[in-house]
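Given next are the chains, with one letter for each unit.
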Amino acid sequence: MPLCKSRGMFLLPSKIKKIVFIAIGLVYFGFFVLISQIPDNKFHIYFLDIGQGDSVLIKTPQNHQMLIDGGPNSSVIERLSGIMPFFDNSIDFIILTHPHADHVNGLIEVLKKYSVNAILMTGVSSKSPIYEEFLRTVYNKKIPVFIAESKTDFKFGNVFFDVIYPFNQISGEYFENPNNSSVAVKVSYKDELSRVSEKILLTGDLQDIIESKLVDAGIDLKANILKAGHHGSKNASSLKFLNKVKPDFAVIQSGKDNRFGHPHKQTLDNLKKAGVKKIYRNDMDGTVEFVF
């Protein structure tokens, strides 16, 4: 197609100009996406909106990435793809709190898509087909596994994972209520410049009977942020427990219009009585992100 010429300049036909403008736009968009996904040397924690289930992503200033639980389905993949750089297909550390489907199901898809360096779990006994598929996938991919107990902790740069429950290894044991086998971790981040320390308490689906044991054991439970236990159920987040944690913020991982009625009014009342400044909910707020 000949180009039009006017006063010594070549003028592109409208169709070609449109293609050029689109190409330039795509280049700028790709550059913006690339820049936006460069590590920013900050500590991020995302309480992912994955429906009725738990999934928490942590990114350290050194760009370590840790995932606690994977939710009930493959929606965790979409959430991770919107946060992690498109060229990054690795996760440093995964914690499976317990073998219920609303925590483990999404992790199977994560294991298929991402290269995972290590996994922390209890290894409790369960006849759940989903849990068995998870274990097979871990075995086939030869991923190193750590069995959770309070004596075993983990450090990634200036982020420390303190396992506070279970107190001892429970691998192979059967739990009538697997919720009370949940791994609980206290995550601490200390800014090396300001010396400010932030603490996040994640207790999986532990119920009030185990919360009471944690309090009676004299464990330092104080944390700035609490993920409310068991999706805001009335059998977790007891006042006895909350008065020891004393969180400024609480996050409830419950799905919109879930059939369990989570979060329960009693839990919301307890959080307010305990002096929580702000309660965030995935069913109302979507993915909740804290940045330090």
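Going by the structure above, here's the rest.
The structure displayed is predicted, hence computed values, not measured ones.

### So, the overall build of the protein chain
Item 1. Looking only at helices and strands, the protein chain has eight helices and 18 strands in total.
Item 2. Counting all 292 residues of the protein chain, 49% fall into the buried class.
Item 3. Of all intrachain contacts in the protein chain linking residues separated by at least 6 positions in sequence, the fraction that spans at least 24 positions is 66%.
Item 4. Carbon and sulfur atoms provide 55% of the accessible area of the protein chain, an area that totals close to 14,700 Å².

### Brief notes about the pattern of salt bridges
Item 1. According to the stated counting rule, one finds nine salt bridges in the structure shown.
Item 2. A salt bridge links E78 to R79, with the nearest nitrogen and oxygen atoms 3.7 Å apart.
Item 3. Overall, the relative accessible area of 25% leaves R79 in the partly exposed class.
Item 4. Between D283 and R281 there is a salt bridge, and its shortest N-O distance comes to 2.7 Å. Take D283 and R281: they sit in the same class, and that class is buried.

### Brief notes about the side chain of E198
Item 1. For E198, the position within the fold is in strand 14 (residues 197-202).
Item 2. At 8.9 Å, K222 is the nearest oppositely charged side chain to E198, a buried residue that forms no salt bridge.
Item 3. Those residues within four positions of E198 in sequence are excluded, and the remaining contacts are V187, S188, Y189, N224 and F292.

Analysis parameters
Residues numbered from 1 in each chain as written. Predicted model: local features only at pLDDT ≥ 70, side-chain atom pairs only at ≥ 80, totals over all residues. Heavy atoms only, no water. Helix = DSSP H or I, 4+ residues; strand = E, 2+ residues; numbered from the N terminus. Buried < 20%, exposed > 50% of the residue type's maximum accessible area, 1.4 Å probe, protein only. Contact = heavy atoms within 4.5 Å. Areas by Shrake-Rupley, 256 points an atom, 1.4 Å probe, with all protein chains shown as cover. Salt bridge = Lys/Arg side-chain N within 4 Å of Asp/Glu carboxyl O. Lys, Arg positive; Asp, Glu negative; His and termini not counted.

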